[in-house]
Amino acid sequence: MKLPHLLFILLIDLIWASNIVTIKLAIDETGPLTAVLMRYLFVFVLTLPWLRIVKGRMNEIFVAGVVAGAMFMGIGGVGFAVTDNVAALAIVSQLGVPFSLVLAVIFLKETIRWIRIAGTALAFLGIVIMGFDPALLNEWLGITLTIVASFIWAVGSLLFRRMQGINPLTIHAWLAFVSLPVLFCVALVFEPEQLAGIGQVRPDFWGWIAFSAIAASIVGHAGMSWLLQKYPVSVVVPLTLPTPLISAAIATFVFGTPVSGAFIFGALVTFASVAVITWRSASKQDDASLVREWAREMKR
């Protein structure tokens, strides 16, 4: 991998890791639904030039927009709003990886060996170990919502697999377009005061929202899609693994949340398990790509 591209991946890691702080600050300033609504408003405006009809794929795009956009971000935002220990959420959110693997086995009929099965089991065990931290007992609602959001993210990842060949910026434009009316209606019901008072928020709020929309959503996700077009999955994806640990460290430093031995041990178990699943899954995808390429060459 070229050095500029490697540095770009590390930049994306830092952006995603820092985004957990900006999300929490933005949500605390207004409300989770209102903050997510504003974020998608920014994303929509910035990706509007790429908004175009994709013939034969619009049903998939709309379903993915509701699931991976409004539902995932809305529920995840509420989880952030009711949780003080943001570092815990950074680790718990990694359950999206084993959830994706389980769903792929059930719905895509993928076969997995004992290594990834063990990794999946250990990922959940790590979260259970973290639960022995007395400080997290009062955070059960936020952690539960984050687990639900991680499952929804996993469902969304399966839907996105069906969208190969579509410009990532086009997908993000439609995702924002679909999510905006859903989030607006929900915020109007549950956060009418926050929505009405959006014009009186601190100026810092708009900086946090802009960072989430521009850096995390557009630079991060679109940039990662671009890198995956240039390099094998097994080269790119493992380089994103430091993100949850950096997120937890940044959140602990900024918000000053205490860290216990149970939290550290459980986080390391979950991180190691996700690393195993990611590496094995990436290798499997690369093997499949090589087989398809070989088959194409044989037909020529």
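Above this text you will find the structure in question.
Note that the structure is a prediction, hence the values are computed from the model and not measured. (Residues numbered from 1 in each chain as written. Predicted model: local features only at pLDDT ≥ 70, side-chain atom pairs only at ≥ 80, totals over all residues. Heavy atoms only, no water.)

Engineer: I'd like a rundown of the packing of helix α1 (residues 3-29) against helix α2 (residues 32-47), residues and numbers included.
Structural biologist: Close contact between α1 and α2 brings their axes to 8 Å; oriented N to C, the two are set at 120°. Judged by the angle between their axes, α1 and α2 are oblique. Each of Asn19, Ile23, Ala26 and Ile27 in α1 lies in contact with α2, whose residues at this interface are Pro32, Ala35 and Arg39. Across the contact of α1 with α2, the residue classes break down as 5 nonpolar, 1 polar and 1 charged. (Axes fitted to C-alpha atoms, helices over the stretch in contact; angles between N-to-C directions. Helix = DSSP H or I, 4+ residues; strand = E, 2+ residues; numbered from the N terminus. Parallel < 35°, antiparallel > 145°, perpendicular 65-115°, else oblique. Contact = heavy atoms within 4.5 Å. Nonpolar A, V, L, I, M, F, W, Y, C, P; charged D, E, K, R; others polar.)

Engineer: Give me the lowdown on the pattern of salt bridges, citing residues and values where you can.
Structural biologist: Under the defined criterion, the tally for this structure stands at 4 salt bridges. Lys24 is paired through a salt bridge with Asp28; the nearest N and O atoms lie 3.5 Å apart. Residue Lys24 and its partner Asp28 are located together in helix α1, separated by 4 residues, close to a single helical turn. Here Lys24 falls in the buried class, since its relative accessible area comes to 4%. A salt bridge links Arg202 to Glu29, with the shortest nitrogen-to-oxygen separation between them at 3.8 Å. Within this pair, whereas Arg202 is found in the loop between α9 (192-196) and α10 (203-230), its partner Glu29 is found in helix α1, the two being separated by 173 residues in sequence. Several salt bridges converge on common partners, so that one network encompasses Glu29, Arg202 and Asp204. (Salt bridge = Lys/Arg side-chain N within 4 Å of Asp/Glu carboxyl O. Buried < 20%, exposed > 50% of the residue type's maximum accessible area, 1.4 Å probe, protein only.)

Engineer: Now, about the packing of α1 against helix α12 (residues 242-255): what can you tell me, with residues and values included?
Structural biologist: When two helices pack together, their arrangement is captured by the angle between the axes and the distance separating the axes. Relative to each other, α1 and α12 sit at 40°, their axes nearing to 8 Å. Comparing the axis directions of α1 and α12 gives the class oblique. The two elements α1 and α12 cross, and the hand of that crossing is right-handed. In this structure, α1 uses Asp13, Leu14, Trp16, Ala17, Ser18, Ile20, Val21, Lys24 and Leu25 to contact α12, whose residues at the interface are Pro242, Thr243, Ile246, Ser247, Ile250, Ala251, Val254 and Phe255. Of the residues belonging to the contact of α1 with α12, the class tally is 12 nonpolar, 3 polar and 2 charged. (Left-handed = near helix turned anticlockwise from the far one by under 90°.)

Engineer: Now, about the environment of Gly261: what can you tell me, with residues and values included?
Structural biologist: For Gly261, the position within the fold is in helix α13 (residues 261-299). The exposure class of Gly261 is exposed, given its relative accessible area of 54%. Residues Gly261 and Ile129 lie 132 residues apart in sequence; the distance between their C-alpha atoms is 9.9 Å.

Engineer: Before we move on, could you go through empty space enclosed by the protein and cite the residues and values that matter?
Structural biologist: According to the stated counting rule, one finds 1 cavity of 30 Å³ or more in the structure shown. In terms of lining, the largest cavity is formed by Thr22, Ile23, Ala26, Ile27, Ala35, Val36, Arg39, Met73, Ile209 and Ser212. Only α1, α2 and α10 provide two or more residues apiece to the lining of the largest cavity. Looking at which element gives the most residues to the lining of the largest cavity, the answer is α1, with 4 residues. Class assignment for the residues of the lining of the largest cavity results in 7 nonpolar, 2 polar and 1 charged. (1 Å grid on protein atoms, 1.4 Å probe; cavity = no way out; pocket = protein on both sides within 12 Å on 5 of 7 lines; lining within 4 Å. Points joined across faces, edges and corners; volume = space filled by probe spheres on them.)

Engineer: Explain the environment of Leu239 residue by residue, including any values.
Structural biologist: In this structure, Leu239 sits in the loop between α11 (233-236) and α12. Taking the relative accessible area as the measure of exposure, Leu239 reaches 27% and is therefore partly exposed. C-alpha separation for the pair Leu239 and Ile9, spaced 230 residues apart in sequence, amounts to 7.0 Å. With near-sequence residues (within four places) excluded, Leu239 lies in contact with Met1, Leu6, Ile9 and Asp13.

Engineer: Pulling in residues and values, what's your account of the nonpolar core?
Structural biologist: One finds Tyr40, Phe80, Ile91, Met130, Phe205 and Phe263 to be the most contacted residues of the largest nonpolar core, which totals 50 residues. The contact partners of Phe205, leaving out residues within four places of it in the chain, are Ala26, Glu29, Thr30, Ala35, Met38 and Ile198. (Core = buried A, V, L, I, M, F, W, Y, C linked by side-chain atoms within 4.5 Å.)

Engineer: Describe the side chain of His5, listing the residues and the values that go with them.
Structural biologist: For His5, the position within the fold is in helix α1. Accessibility expressed as a relative area gives 13% for His5, which makes it buried. Those residues in contact with His5 that lie beyond four places of it in its chain are Trp226, Leu227, Lys230 and Tyr231.

Engineer: For a nonpolar patch on the surface, give the residues involved together with the corresponding values.
Structural biologist: On the surface, Val66, Met71, Val182, Phe184, Val186, Leu188, Val189 and Phe190 cluster together into a nonpolar patch covering about 700 Å² of accessible area. Listed by contribution, the elements that provide at least two residues to the nonpolar patch are α3 (58-81) and α8 (168-190). Considering every element that reaches the nonpolar patch, the biggest residue donor is α8, with 6 residues. Residue placement: Leu188 occurs in helix α8. Residue classification places Leu188 among the partly exposed positions, given a relative accessible area of 48%. (Patch = residues over 30% accessible without salt bridge, like charges linked within 9 Å, V, L, I, M, F, W, Y side chains within 5 Å. Areas by Shrake-Rupley, 256 points an atom, 1.4 Å probe, with all protein chains shown as cover.)

None of this, on its own, says anything about what the molecule does.
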